[in-house]
Structures are given as structure tokens and as C-alpha cells.
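Chain by chain, the residues:
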Amino acid sequence: MSQFRLARISLLLAAIGLNAAPALLTSAHAQAKPAAPAAEAPKDTVRPEMFKLIDPAVFKEMMAAKKFAELQDRITQAEAFPNRTPYEDYVLNRMKLALGSSSGNDAMAMAALETVINSGRLPANEQSSFTQALGNYHYNAKNYPKAIEWMKRYQKESTTPEAVRPALVRAYYLSGDFANAKTELLPVIAEAEKAGKVPELEDLRLLGSSAAKLKDDATYIMAMEKLVTYHPSDDFWTDLLSRMQRKPTWNDRFRLDVLRLQDMAIKTLDPLEYVEMAELALLAGFPTEAKKAMDEGYAAGVMGKGNNAASHKALRDKANKQAADDAKNIASGEASAMKSKDGTGLVNLGYAYVTMDQFDKGIKLMEQGIAKGGLKRADESKLRLAIAYAKAGRKADAIKAFEGLKGNDGLTDLSKYWITYVNGPVGTPAAAPAAAPAAAPAPAPATVK
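Residues numbered from 1 in each chain as written. Predicted model: local features only at pLDDT ≥ 70, side-chain atom pairs only at ≥ 80, totals over all residues. Heavy atoms only, no water.

Moving on to the nonpolar core. Counting 89 residues, the largest nonpolar core has Trp 237, Leu 261, Leu 383, Phe 402, Leu 414 and Tyr 417 as its most contacted members. In contact with Leu 261, not counting residues within four places along its chain, are Trp 237, Leu 241, Leu 414, Tyr 417, Trp 418 and Tyr 421. (Core = buried A, V, L, I, M, F, W, Y, C linked by side-chain atoms within 4.5 Å. Buried < 20%, exposed > 50% of the residue type's maximum accessible area, 1.4 Å probe, protein only. Contact = heavy atoms within 4.5 Å.)

Our focus in this paragraph is helix H21 (residues 344-355). It helps to recall that an α-helix has 3.6 residues per turn; residues three or four apart then point in one direction. Between the first and last C-alpha of H21 there are 17 Å, a value that for 12 residues agrees with the 16 Å anticipated at 1.5 Å per step. Where burial is concerned, most of H21 is hidden: nine out of the 12 residues are buried. Burial in H21 covers these residues: Leu 346, Val 347, Leu 349, Gly 350, Tyr 351, Ala 352, Tyr 353, Val 354 and Thr 355. Buried positions along H21 lie against helix H16 (255-265), helix H18 (287-299), helix H19 (309-329), helix H20 (334-339), helix H22 (359-372) and helix H23 (378-391). (Helix = DSSP H or I, 4+ residues; strand = E, 2+ residues; numbered from the N terminus. Expected span 1.5 Å × (residues − 1).)

The subject of this paragraph is H22. The end-to-end C-alpha separation of H22 is 20 Å, in line with the 20 Å expected for 14 residues at 1.5 Å each. Downstream of H22 by a residue or two, Gly 373 has a phi angle that is positive, lying close to 80°.

Right, let's get into the environment of Ser 336. If you trace the backbone, Ser 336 turns up in helix H20. When its relative accessible area of 49% is taken as the criterion, Ser 336 is described as partly exposed. Between the C-alpha atom of Ser 336 and that of Leu 346, which follows or precedes it by 10 residues, the distance is 9.1 Å.

Think of it this way: side chains of opposite charge can pair up when their charged atoms draw near. All told, the structure shown has 30 salt bridges when counted by the stated rule. A salt bridge links Asp 257 to Arg 260; its shortest N-O distance comes to 2.8 Å. One end of the pair is Asp 257 and the other is Arg 260, both in helix H16 and three residues apart, which spans about a single turn. Exposure remark for Asp 257: the relative accessible area of 0% places this residue in the buried category. Assessed through its relative accessible area of 0%, Arg 260 is described here as buried. The shortest N-O distance in the salt bridge between Arg 394 and Asp 397 comes to 2.9 Å. A residue is classified by how much of its surface remains accessible, and Asp 397, at 32% relative accessible area, is partly exposed. Taken together, the salt bridges that share partners define one network made up of Arg 253, Asp 257, Arg 260, Glu 289, Arg 377, Asp 379, Glu 380, Arg 384 and Asp 409. (Salt bridge = Lys/Arg side-chain N within 4 Å of Asp/Glu carboxyl O.)

On to the packing of aromatic side chains. What describes a pair of aromatic rings is the distance from one ring centre to the other and the angle between the planes of the rings. Within the structure shown, the criterion is met by seven aromatic pairs. Between Tyr 87 and Tyr 90, the aromatic rings sit 6.3 Å apart at their centres with planes inclined by 40°, giving tilted as the arrangement. Linking Tyr 87 with Tyr 90, this pair stays in helix H7 (residues 86-103), spanning three residues, or about one helical turn. With relative accessibility at 9%, the residue Tyr 87 sits in the buried group. The class for Tyr 90 is buried, based on a relative accessible area of 5%. Seen from their ring centres, Phe 286 and Tyr 351 are 5.0 Å apart, and the 70° between their planes marks the pair as edge-to-face. With Phe 286 in the loop between helix H17 (271-284) and H18 and Tyr 351 in helix H21, this residue pair connects regions lying 65 residues apart in the sequence. The class for Tyr 351 is buried, based on a relative accessible area of 1%. Joined through ring pairs, the aromatic side chains of Phe 402, Trp 418 and Tyr 421 make up one cluster. One Lys or Arg, Arg 316, reaches over the ring of Tyr 298 and ends 4.1 Å from the middle of that ring. (Phe/Tyr/Trp six-rings, centres within 6.5 Å; stacked < 30°, edge-to-face > 60°. Lys NZ or Arg CZ within 6 Å of the ring centre and 35° of its normal.)

Attention shifts here to the side chain of Lys 96. One can find Lys 96 in helix H7. Side chain to side chain, Lys 96 and Glu 79 meet in a polar contact 3.0 Å long. In this view, Lys 96 contacts Ile 75, Glu 79, Met 108 and Ala 112; residues no more than four positions away in its chain are not counted. (Polar contact = N/O pair within 3.5 Å; in protein donor to acceptor, adjacent residues only side chain to side chain.)

Look at helix H14 (residues 217-230) against helix H25 (residues 411-423): their axes get within 9 Å of each other, and the N-to-C directions meet at 30°. Classified by the interaxial angle, the pair formed by H14 and H25 is roughly parallel. Here Ile 221, Glu 225, Val 228 and Thr 229 of H14 come into contact with H25, specifically with Lys 416, Tyr 417 and Thr 420. Residue composition of the contact of H14 with H25, by class: three nonpolar, two polar and two charged. (Axes fitted to C-alpha atoms, helices over the stretch in contact; angles between N-to-C directions. Parallel < 35°, antiparallel > 145°, perpendicular 65-115°, else oblique. Nonpolar A, V, L, I, M, F, W, Y, C, P; charged D, E, K, R; others polar.)

Limitation: the analysis is restricted to geometry and does not speak to function.
Okay, here's the thing in C-alpha cells:
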């Protein structure tokens, strides 16, 4: 990132260094009739004695040879001329800017740059480039209030106000102005989505962190939803699902269904989550699902160790035995489930087959059970069917089933996040705009991993 940052500054400074100097100091100036050093120079010219000190051709050669001390001495001598005109001061500041930017003297470069910007002599295209460069200088110096001041001026005066927005957002954030950071970020993200692009990971992280600092839960959750949509990670999924279950209206009867989503969306669960999933699956009558949870935990290397090794083994042995028994006896339950007055038995039996990876058979039984009706909790049965579709890879059926599930007890949110998972990551990250100014990365927010 530091290389990118420096490259960006050099691109901006290329337009404001010595390249423009020959146009300012023409040969006519050099050939003008010599005047006494104390005499006042004509307007918008540089007197020959001063020109000799800051001749652009000589200046460039010395700059290339890194004779910075000698160049500084020449500028100092030129500044000693009495009765300097505004134009001479303007030219001298252009030279000081070139020297400061080339020698790493940021203080000199910034002072000269501000004077040149405020001189009123710059054409519009240079004015905006210079203003952007000064904003970047202040940003890299961590003077964020001044960076914001100059970037806002750039936005007001330039025809491309969006060019400084990434740096401006970070300046607001790093200065502690989270409200303005959020205000600037929201349209950035909305515009990316409208253009069919993927919002930048850092923009979404900054939005989430700013919202957290402001205790704006709605915006924070929105940022997390977009993070798992565009840049899914174990940490983002864990945070989002955890917050969903902390809502006052959440009903813990969907806890196993949350763990099922986590098990699919997250690479490795916490050992306690594998244990909880196995125990809840056993209670629900799905020992094969419990066995798979324990097997995954052991395969991931997070189970069967330390003080919990014995309890993990006992739970795994229990799941293995019940799963083996279920595999032997499951077919015998079909007849009674078919004869039952309601469809509960068919739904449960069908999902048991799904856990054994017999998707076609299991889903067919579940569909029959839901169609038969008489279900105590029809929404739970339909949720299990939607999950079965997802596990079977039937994306369109899964999404349609999840979209039909609504409830203020957490079912709506859970179904929405299942849809996000089934859809998978959206698009590919968009490239940073070519004209974007340099901006060092904001520190990783503690609230958004």
C-alpha cells in the first residue's frame, strides 16, 4: 500500500513540477535588457539576473543530479531580490515546489503549493491537480482536518469531485468524524451497485465501523449484509448471524437452522458450535446430521483435544451409534408416515434422508408431508424443505422456498441470509478508479473483522 501511495503522489506531482517551468520562463525573458538588481521587474516577466539563478534547463540538470543544496542556495539568492513582482514570486514558488517534492522536503512543497494555488495564476486543470495534491500531502502528514479542507475545496472547484472521495472518506474516519464518513460512504456504495460493480471491501468495512462508532445498528447490519454478499468471510458471517440472534424478537427455535447455515457458509466452526449442532440434531431426531457435525469438527482438528477430549468422544460415539441404527431402520418408518393423518412424519423422515445425502427421495417425502398438511409448525417444515433444496444444489427451488418464508421471530432474516448464501458471492471486486488519489488504508476496525 505504501508503494501505491507514493506512486499516486508522483503522478500528481508530475504535472506540477518543472515540466511547466519553461512555459513560465521564456527565452524572451532571458534576453531582456539587463536591469539593475534593485530595479523592479516588469509585470509577468522574470528579470534576467534572477533568471540566471533559476534557469529551468539548468534547474532540471541539477535536479537530476540531486544537487538539492545548491538549488536551495539559488532559490534563496533569487528570493533576496528586492521589489519582487507577484509573477516572480509565483515562479519562485513553482521552483520551490519542484525542489521540495523532489528532495522530500514536504514542508517546503506544501507551503509553496498553497501559495501557488492561491496565486490566481493557475489554469483550471492545474488548479484542481494542485489542490488534490495538497490535500494528499496533508492526508499523508496525518493532518486530517487540513486534508478534508483541501479535498472539499477540490470537490467544489473540480469537474471530477468523485476523484478525492476515497481519501476524503478516510480522512473523516481517521479524524473521528464518523458521521461524515458514513454520509460520504453511502452514495459510494450505492453508485457502485447501481453500476453493476462490487463495492470495495474497505469501503464496506469503514461503513460498518463508522456505524458501530455511531451506534447505528441498522447501518451496521446493512454493511455486514453487503460484506457477506460481496466479500464473504467466516468472520463476517459469524458477526452477522450473531447479531441476528441478539434481536429482541429472535426465537431460539431456529437455532439449529442457524447452525446449519453456519456449517455451510463458514469453513470451520467453533468446537462449542459443533457440539451444539450435534446435540440439537440428536434431539431433533437426525443422528446422521449429528455424526457429520462431529466428523467435521474432528477433521478440522478442533475436536477431541484437551480437557474436552473425553466428552467429545462420548458425543461422537453416541452420534455414530444412533446414525448407524437410523440407517438400518429408516425404511421401516415410511409406511407409518404415509398413513399418518398429518405430514409431520413425512417431513421428518424426508429430512433424515436428506442428511444421508439421499436428496431426491428425501425432498419428495418432505414435499408430500407439507402437501398433506396438519403440521404443528408449517413454517419450520417449509424452512427445512428450503434447506434441503439448498443442500441438494437446487438453487432456484431453494430461493423460491426461502422467499416465501416470513415471520417477525427471526424467520425473515434467517431466510434472507440463506438466500445470500445460496446465491453465492456477487461479482468480482471492482478496480479502484484510475483518478483516485492516494489514501493510506484506515486501520482495521475492531468491530468489523
